[in-house]
Amino acid sequence: MATKSYTTLYEAIKKFNDLHQDKPQVISAINRYLLPSFGLEIAGLRLTKAEQENAAKIAQEINVQKYSEENLLNRVNDTFKKNQLSKSKQRYPLSHIKNFNKFLKENNILNPELESINSPPKYYLKSTKVIDKSYIEYPKNKKRKKTIILSLNTHNYEKQIQEKGEKIVKKELKRISLELNNLNKFMTDDLNNRKVSASKTVQEIKRLLGWLFLEKDDLSKVGLCSLIKVIDTRVNYFDFDKINDYYINKGKLDHEARQASIKTIDWLKNFFYEYGVPNPSTRIIYINALLYIAKFLYKDITDTEETDNYEDIHIVRRLRLLKRNLPKPDKKIKDLYFTWEEILKVRDALKANADTTYITYKLWNGQRIKKQKRSKVVIAADLMKFLILCFFTVIPPDRSRTITELTIGKTLKHGLKTENGFIKYEKLNDKTLAKYYIHLQSKDYKTGDAYGEFWGVLPNIAFADKTTFYNYLDKWLYEGWRQVLLEVKGLDHDSVLVGIKSSKAFKDMKGRVGNTIKWIFKTKTGIPLNPHRLRHIFRSHVDNLDITPKESESIAFWMHHSELMAKNVYTIKSLEQKLSPGLEIMERITNT
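Scope of this entry: the structure provided in the associated data block.

Conventions used here
- Residues numbered from 1 in each chain as written.
- Predicted model: local features only at pLDDT ≥ 70, side-chain atom pairs only at ≥ 80, totals over all residues.
- Heavy atoms only, no water.
- Buried < 20%, exposed > 50% of the residue type's maximum accessible area, 1.4 Å probe, protein only.
- Helix = DSSP H or I, 4+ residues; strand = E, 2+ residues; numbered from the N terminus.
- Pairing = 2+ DSSP bridges.
- Lys, Arg positive; Asp, Glu negative; His and termini not counted.
- Salt bridge = Lys/Arg side-chain N within 4 Å of Asp/Glu carboxyl O.
- Contact = heavy atoms within 4.5 Å.
- Axes fitted to C-alpha atoms, helices over the stretch in contact; angles between N-to-C directions.
- Phe/Tyr/Trp six-rings, centres within 6.5 Å; stacked < 30°, edge-to-face > 60°.
- Lys NZ or Arg CZ within 6 Å of the ring centre and 35° of its normal.

Looking at the pairing of strand E5 (residues 435–440)
Inference 1: Across the six residues that make up E5, a large majority, five, are buried.
Inference 2: Of the pairings in the sheet, the one linking strand E3 (residues 412–418) to E5 comprises four bridges and is antiparallel in character. Each bridged residue has a counterpart across the sheet, and for histidine 414 the counterpart in E5 is tyrosine 436.
Inference 3: Taken together, the five bridges between E5 and strand E6 (residues 454–458) define a ladder with antiparallel strand orientation. For tyrosine 436, the partnering residue across the bridge sits in E6 and is leucine 458.

Here's the deal with the side chain of lysine 475
Inference 1: Relative to the helices and strands, lysine 475 resides in helix H18 (residues 469–478).
Inference 2: With no salt bridge to any partner, buried lysine 475 finds its closest opposite charge in aspartate 355, at an N-O distance of 4.9 Å.
Inference 3: Excluding anything up to four places from it in sequence, lysine 475 contacts Ala354, Leu383, Gly480 and Trp481.

A closer look at helix H22 (residues 549–558)
The periodicity of an α-helix, 3.6 residues per turn, causes residues three or four positions apart to be oriented the same way.
Inference 1: Among the residues of H22, Glu551, Ser554, Ile555, Ala556, Phe557 and Trp558 are the ones counted as buried.
Inference 2: One or two positions beyond H22, positive phi appears at histidine 560, with a value near 55°.

A closer look at the sheet that holds E5
Inference 1: Taken in spatial order, the four strands make up an open sheet running E4-E3-E5-E6, and their pairing is antiparallel. Because the sheet does not close on itself, it has two edges, and the strands there are strand E4 (421–424) and E6. Looking at each pair of strands side by side, their axes are set apart by 55° on average, direction ignored.
Inference 2: The sheet contacts of H18 involve E3, E5 and E6, and relative to E5 the element is tilted by about 75°.

Comments concerning the packing of aromatic side chains
Between two aromatic rings, the relevant description is the distance of the centres plus the angle of the planes.
Inference 1: Inspection of every chain in the model, using the stated rule, returns 33 aromatic pairs.
Inference 2: Plain terms: the ring middles of phenylalanine 454 and tryptophan 558 are 5.8 Å apart, the flat faces sit at 80° to each other, and that makes the pair edge-to-face. Note that phenylalanine 454 is positioned in strand E6 and tryptophan 558 in helix H22, a separation of 104 residues in sequence.
Inference 3: Pairwise contacts between aromatic rings join Trp211, Trp267, Phe271, Phe272, Tyr275 and Tyr286 into one cluster.
Inference 4: Here arginine 91 stacks its cationic end above the ring of tyrosine 92, 5.5 Å away from the centre of that ring.
Inference 5: Over the ring of phenylalanine 338 we find lysine 133, and its NZ or CZ is 5.2 Å from the ring centre.

Set out below in C-alpha cells:
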C-alpha cells in the first residue's frame, strides 16, 4: 500500500495521469462533473483553455483527505441533477470517476472515518451487505432454453394465417384451448388436484404441444390426441359370429394400442434429448403431464370394475414403467452457505429496515444534518419482507406454498383456540389472550393426506429491543400498512402478502415468496438463498444441537417432512403434544 505523499486533488489527479496516461477520459469526467460542485463554471461542451486553468486552480485548493468516496460521488450526482443528465448519459462519466476513487482508496488518500458519519444507518442501505458472502462461487441460473410453449394468440401465427386463413387458425386455437380447459377441469374435479397444480401441468402440456407444433408446423395436427392416441381395445364377444373373429379383432386393437404407446414413448425420449431435459426430476414432470392426458382421454374407456387406476391402458402402463426406470434424482444439498445464526442476523437487518421511518445523515460539508422521510410504500414493503422471513424463522420453516397462500381468517387466524372451538379476536373478551395460528386443511399442503388438519400456533417471540413478533403482525394487519400496498393499484383481497408494485395477492403470483427470499439474501449477503435451502440450513442446525427424539419428531411435523414420519407419530400423540416441543426448541434457539 502506497503512503500519502500528496493531499490536494490537483496532486492526486497529476499522479493518476502519470500512471494512467491512456485514460484521459477520467480527467475529463473529473473536470466536467466533479469540479463544478466546487465552483468551476463551464460554458460549453468542452473546457476552454481558461476553464482548464481555472479547474487546475480549484483542484489545488481542495484537500482531498477531507472527503470520503461517498462525498465525492454525491457531488457528482448533484452535477448530474443540475445538468438534467439522463441515466444513460451518466453511466460512462460515473464509471470513470469511480475508477479515480478506486485509485484514491488504494493509495490511502480518502478519509474512511467520514463514511460512517455521513452515511445513513447501514441496515437501511439496500446495497449494504450484513454478511458479505459475495466471494463464494454460488451456482448461477442455467441459460434459459428457447421458449416453445404453444401460444393461443392468433398474432403469433402470421405464416399459418397467410397459408390457411385467419378463420381456420382461430378455429384450431379455439379447439386446443377447449381441450386444455376440459383437461384442467378433469384434473381439479375428478382427480382432486389443486388449481395451482393443475395450472402448472397445463403449462407443461403447452410446452409439449409447442414442441409438436415445431415438428408438424400445422395446428390441425396439434392437440391432446396428437400426444396420446386413443385406441379403444374393448371388443364385445356377441358382436361376432365366430370366436376366431373376436380374438383376431381384439388382437389387432391390442397390437395397435401397443405400437401407439411405443411411438409416444419414443417421441417423448426424443423430446428429452433434443430439447435438453437430462434431469430425472424434470422428466418426471413431463411424464406425469402425459399420464394426466391419458387418464383424461381414457376416462370413459378404462374398466373401473377391474382396475382402479387405469392399469388396463397400454400407454399408462408404459409411461409408469418409464417413470420407474429413471435414475433416482440426487436430493442432497452439498453447500448450505449459511449458519442459522447468520439467517437470524439477516432477519435483524430487515427488522431495522422496517423500523426506519426517517434516514438522517450529514451533508457533504458536515455543516448541517439532513433528515429525509421514507415513503409509506417503501416502509410497508420492508415490513412485509421482514414478516416473510419471520414466517420462516419463528417456527421451523414450512414450504413456500404455505407462506404464499396465507389468507386472513382462513389459513392465518387471530384469536384463541379452545376445547370448544376457535374464538375470533373480535369476539374475545380478553384481547390479551389472542394468538396467531396457521390453520391448514389436508388439501392446503403437500403432506396433508398424511397429517390431516393442521393447527400451529405462531410464537410471540421477543426481539432484542423488547418488541415482539405479534407487534409487527398487528402493525401489518390492523394499523394500515398492508392497506398501503393494496392502494398502490387500488385492489382488495384477503391475501396476507401483497405485491409491492402490483397490489396482487401473493397466491396469484407465481414464485413470489421464493423470489422475495432470494432478493433479501442477494442484497444482504451476496447469495440468493432460496426457501428450500433455508429449510436444509435449519434442519442441519437442529441436528447438531442436543435435542431429544421428541423434539426432532416435532420439528419434522412442523416442517411437514415425510409422510412416513407423520404416520408413525401422528396417531400416537395429540396435535398439541406433537407441536409443543418444536416451539420449545425454537425458543431455545432464539434465546441463545
